[in-house]
Amino acid sequence: MPNLWPLLKHQTGAVISTAVDFAVMWLLVESHTLSPVMATAAGAFCGAVTNFWLGRRWIFARGPGTMALGNQVARYLLVSGVSLTWNTLGEALLYRGLGLQYVLARIIVAVFVSVAWNYPMHRWFVFGPTRQVTS
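Residues numbered from 1 in each chain as written. Predicted model: local features only at pLDDT ≥ 70, side-chain atom pairs only at ≥ 80, totals over all residues. Heavy atoms only, no water.

### Some words on the confidence of the model for the protein
- Summing up the model confidence of the protein, the mean pLDDT is 88 and the portion of residues at 70 or higher is 94%.
- Between the elements of the protein, mean pLDDT differs from a low of 89, seen in helix 4 (residues 102-126), to a high of 93, seen in helix 3 (residues 69-97). (pLDDT = per-residue confidence, 0-100. Helix = DSSP H or I, 4+ residues; strand = E, 2+ residues; numbered from the N terminus.)

Written as structure tokens, this is what we have:
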């Protein structure tokens, strides 16, 4: 049986980060500060900061051989930028294009992006073990 602990930790971190993401989005929409689409981008940014911290410190924490912080930040920014784009485009498609309620649209998009993009990229590209180059 495969070790499910890393996946469980990732999903727990995703729930926490998503709670931050959705709370920011909801507060910005309900306070009439931003439209649902723009609030999605702001919420995703706040969720990403939370998720990076959890990923580095708890979800994918490694001992010796952990990639340097600057390298992880650069990789995380790349992956999160794409994730933010997928989330924002998905919200626009489902909310504006199909007329779904904005929170329902956000949930559908968030689950899809988390499973299809974030988990594999975080596990192998951002927080994966460093590889030593031998000459």
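### Topic: the side chain of Asn87
- Inspection of the secondary structure puts Asn87 in helix 3.
- Among the polar contacts made by the side chain of Asn87, one reaches the side chain of Arg106 at a distance of 2.7 Å.
- Here Asn87 is in contact with Thr40, Arg106, Val109, Ala110 and Val113, once residues within four sequence places are set aside. (Polar contact = N/O pair within 3.5 Å; in protein donor to acceptor, adjacent residues only side chain to side chain. Contact = heavy atoms within 4.5 Å.)

### Focus on helix 1 (residues 5-30)
- Its 26 residues give helix 1 an end-to-end C-alpha distance of 37 Å, which sits within 8% of 38 Å, the value for a rise of 1.5 Å per residue.
- Those residues of helix 1 that sit buried are Lys9, His10, Gly13, Ala14, Ser17, Asp21, Phe22, Met25, Leu28 and Val29. (Expected span 1.5 Å × (residues − 1). Buried < 20%, exposed > 50% of the residue type's maximum accessible area, 1.4 Å probe, protein only.)

### Focus: a nonpolar patch on the surface
- On the surface, Trp5, Leu8 and Trp58 cluster together into a nonpolar patch covering about 330 Å² of accessible area.
- With respect to the element layout, Leu8 can be found in helix 1. (Patch = residues over 30% accessible without salt bridge, like charges linked within 9 Å, V, L, I, M, F, W, Y side chains within 5 Å. Areas by Shrake-Rupley, 256 points an atom, 1.4 Å probe, with all protein chains shown as cover. Salt bridge = Lys/Arg side-chain N within 4 Å of Asp/Glu carboxyl O.)

### Details of the packing of helix 1 against helix 2 (residues 36-59)
- Following both chains from N to C, one finds helix 1 and helix 2 inclined at 150 degrees, their axes separated by 7 Å at the closest point. The angle between helix 1 and helix 2 places the two elements in the roughly antiparallel class. Taken as a pair, helix 1 and helix 2 cross one another with a handedness that is right-handed.
- Its residues assigned to classes, the contact of helix 1 with helix 2 comprises 16 nonpolar, nine polar and two charged. (Axes fitted to C-alpha atoms, helices over the stretch in contact; angles between N-to-C directions. Parallel < 35°, antiparallel > 145°, perpendicular 65-115°, else oblique. Left-handed = near helix turned anticlockwise from the far one by under 90°. Nonpolar A, V, L, I, M, F, W, Y, C, P; charged D, E, K, R; others polar.)

### Comments concerning the nonpolar core
- Core analysis: the largest hydrophobic core is formed by ten residues, namely Ala48, Phe52, Leu54, Ile59, Phe60, Tyr76, Val79, Tyr119, Val126 and Phe127.
- Sorting the residues of this core by element identifies helix 2, helix 3 and helix 4 as the ones contributing at least two each.
- In terms of residue count, helix 2 provides more of this core than any other element does, four residues in total.
- Ignoring anything within four residues of it in the chain, the contact list for Phe52 reads Leu69, Gln72, Val73, Tyr76 and Phe127.
- Membership of the second largest hydrophobic core comes to five residues, among which are Met25, Leu28, Val29 and Tyr102. (Core = buried A, V, L, I, M, F, W, Y, C linked by side-chain atoms within 4.5 Å.)

### A closer look at the packing of aromatic side chains
- In this structure the tally under the stated criterion is four aromatic pairs.
- Considering the side-chain rings of Phe52 and Tyr76, the 5.1 Å spacing of their centres and the 70 degrees angle between planes classify their relative orientation as edge-to-face. Taken together, the residues span a long stretch of sequence, with Phe52 in helix 2 and Tyr76 in helix 3 at a distance of 24 residues. Each member of the pair, Phe52 as well as Tyr76, carries the same accessibility label: buried.
- Where Phe60 meets Phe127, the ring centres are 5.5 Å apart and the plane angle is 15 degrees; that geometry is what we call stacked. Taken as a pair, Phe60 in the loop between helix 2 and helix 3 and Phe127 in the segment after helix 4 lie far apart in primary sequence, 67 residues in all. Each member of the pair, Phe60 together with Phe127, is buried.
- Through a chain of ring-to-ring contacts, the aromatic side chains of Phe52, Phe60, Tyr76 and Phe127 assemble into a single cluster.
- Against the face of Phe125 rests Arg75, its NZ or CZ located 4.5 Å from the ring centre. (Phe/Tyr/Trp six-rings, centres within 6.5 Å; stacked < 30°, edge-to-face > 60°. Lys NZ or Arg CZ within 6 Å of the ring centre and 35° of its normal.)

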